[in-house]
Amino acid sequence: MSEALEMTATITLAEATQFIWAEADLLDRLDYKPWLKLWTEGGKYIIPTERDPADYAEVLNIVYDNKVMREARAKRLLSGFSMSSAPPARTVRTVSRFVVTASGDDFIELRAAQMLAEYKYGHMRFLPADMRYRIVRAPDGTLLLDEKIVTLINAEDYQFGIGYLL
Amino acid sequence: MSDHDYATLVREDRVHTSLYRDGTIFDEEMDRIFKNTWVWVAHESDVPVKNSFKTSWVGREPVIVTRDREMKVNVLLNRCRHRAASVCEKKKGKASVFVCPYHGWSYDPDGTLRKVPHAAGYPEDFDKSEFPLISLRVETYQGMIFATFNNDIEPLVDYLGPARKWMDLFMKQGAGYGVKTLGEHKFRFPGNWKIQLENTTDAYHFPIVHKTFLDSLDAETENVFDVLGQGGWVEDLGNGHSVMVMIPDLIDLEDNLDAPIPDRFAELAQELRDEGHDDATVRKVVRAVGGSGFNLNLFPNVACSMAFFRVLRPVTVEETEIMHVAIGMDGGPAAGNRERLRLHEHFQGPMGFGTPDDAEGWERVQRGAHAGEDLWIMLNRGVDAPAGVAEPGHNAGDVSAETGMRAAYQQWKRMMTA
């Protein structure tokens, strides 16, 4: 198969899954610098306080990050000066139950389930979440996150402080 | 524990560590404080129209805040008068009737018992009027709704006293449109509620705990948040209330309207101009958008904290729930409220650039408080407030003084020994 053909081909579920697992692995390893490069320029990273609002921009979220805020957030978490992330909690997460909700020549949209366990100071906490991803293919063929929405199972209820990325 | 014992646990400059970890004291606090004073339950914009409601808490007791057909605000215990089931488990919404899911007793939004299914099974003298939802005494000031179990205490306005002036100032961030709630972050920390009560009047921790927040700001804004370096102060307002002024320039948001627009709000100002707002409106909205330059701590459970309401709820002696309520303009330009939401998300909430570090700090206080048998929490910090800033006759200290904490604990002592 020629390179040109491959670059315009639809993104398969297998490719998307591989991409999402690699992203999850970066996050569990707190490897935030390469994570920042996984995004499109206009990409949005959203963790809402309510399920499925009409427009996330018009409501209060836990996280509503554009590129500038993602970079500031990663810098903060890695700085060593934020006591909620230094020392950091340990996390182990898996993402599964993928369903393709839309796809086209250069994009795929999925929903999925994330199961995350967090451990710090003797506390073990579980943060299950419904996930939505929009993944696009860049001109050079690589996949990029264009939107990632993490709706915690208890999004509208109380959380404990979260000193890492979901 | 006797009144005398409680009196010995709070001194002028320190409180005993058992106040953070003794379950018996906690139970007494819920009784002597939370059932005997004005407790914040909601903002009027949470129940904007008739038949709207919001569930809330007074101490450990679940309540429903309702707006009835006459537009009156009611605070009702969320408990069916028959066999105790809660009658509402939604956070907010609209309802013209609350129906108990267990046996179907139904109540009006003012608490009146409307209907009892299969009423023939009760004796003839059964009187529905004897079984309304229990209604608490309710009073409001500046849109803030407070309730109390105690019918004998002073009116709310008297309880607030000099704090009212600061509530009036705080609400100017509605930029003339009035204030409404925009959403809330909720989080818990494993620690006593008074650790959080102290924190709202603690400027001392800000540059240390919130270094990474400060590092995320542009240079101009970082200067605005140099909270220890602007001649601020902490002032005891009586009844356990206090104000901590960190940014004196932002006390009155209707002052200095012709000052240059800060760079970080230049884009917002342009958006507002493009929408056709005149220069005066643009300046008013922009000046108000970042909030007020002070934290007003209202004993025992709410603060008007710069740009939001901070509400605490004691859960157990070692667990506390905090709600950060985002506020904005009621009917003002949408762009201004969007900016307020993004600013709120930047610092507040379980993944904000500020809150998780606060929560971690409070957890560390609780963990450390388990060490040592007879040690004290020191509240002796402070030098004189700058001359002439505080109201004559009010006890006041410099911005990083622990004056506000001492004020709250003296109120604690008065209530626990009353």
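What counts, and where the lines are drawn
- Residues numbered from 1 in each chain as written.
- Chains lettered and ligands numbered in written order.
- Predicted model: local features only at pLDDT ≥ 70, side-chain atom pairs only at ≥ 80, totals over all residues.
- Heavy atoms only, no water.
- Pairing = 2+ DSSP bridges.
- Helix = DSSP H or I, 4+ residues; strand = E, 2+ residues; numbered from the N terminus.
- Core = buried A, V, L, I, M, F, W, Y, C linked by side-chain atoms within 4.5 Å.
- Buried < 20%, exposed > 50% of the residue type's maximum accessible area, 1.4 Å probe, protein only.
- Domains from an automatic or database assignment.
- Axes fitted to C-alpha atoms, helices over the stretch in contact; angles between N-to-C directions.
- Parallel < 35°, antiparallel > 145°, perpendicular 65-115°, else oblique.
- Left-handed = near helix turned anticlockwise from the far one by under 90°.
- Contact = heavy atoms within 4.5 Å.
- Nonpolar A, V, L, I, M, F, W, Y, C, P; charged D, E, K, R; others polar.
- Buried area = accessible area lost by both parts, 1.4 Å probe.

Here we take up the sheet that holds strand β7 (residues 98–99) of chain B. All names here are of chain B. With antiparallel pairing, the 3 strands of this open sheet are ordered in space as β7-β8-β9. A strand with exactly one partner marks an edge of an open sheet, and here the two such strands are β7 and β9 (113–115). In this sheet, β9 lies alongside strand β8 (residues 106–107) in antiparallel orientation, the contact comprising 2 bridges. Bridged to Ser106 within β9 is Lys115.

Generally speaking, a soluble globular protein has its nonpolar side chains buried in company with each other. Residue and element names in this part refer to chain B. By size, the foremost hydrophobic cluster in this structure holds 77 residues, and its most contacted members are Met144, Phe146, Trp166, Leu296, Phe309 and Trp412. At 6 residues, the largest contribution of residues to this core is made by helix α14 (residues 403–416). Split by domain, this core shows at least three residues from each of two domains, domain 1 (39–141) and domain 2 (162–416).

Looking now at the packing of helix α10 (residues 266–274) of chain B against helix α12 (residues 334–347) of chain B. Residue and element names in this part refer to chain B. For the pair α10 and α12, interaxial distance at closest approach is 9 Å and the crossing angle is 160°. With respect to their mutual orientation, α10 and α12 come out roughly antiparallel. α10 and α12 meet at a crossing whose hand is right-handed. Across from Leu268, Glu271 and Leu272 in α10, the residues of α12 making contact are Ala335, Gly336, Arg338 and Glu339. Looking at the contact of α10 with α12, its residues break down into 3 nonpolar, 1 polar and 3 charged.

This next bit is on the pairing of strand β13 (residues 233–238) of chain B. All names here are of chain B. Here β13 pairs with strand β14 (residues 241–245) via 5 bridges, running antiparallel. Bridge assignment links Val234 to a residue of β14, and that residue is Met244. Here β13 folds back onto β14 in antiparallel fashion, the turn holding 2 residues, of which Asn239 has a positive phi close to 55°. Inspection of the sheet shows β13 paired to strand β20 (residues 396–398) by 3 bridges, in the antiparallel sense. The residue bridging Glu235 from the neighbouring strand is Ala396, located in β20.

The next point concerns the domain arrangement of chain B. Residue and element names in this part refer to chain B. Partitioning chain B into structural domains gives domain 1 (39–141) and domain 2 (162–416). If you average the C-alpha positions of domain 1 and of domain 2, the two centres end up 33 Å apart. Residue-level contacts link 11 residues of domain 1 with 17 residues of domain 2. Summed over both partners, the interface of domain 1 with domain 2 buries about 1200 Å², with 61% contributed by carbon and sulfur atoms.

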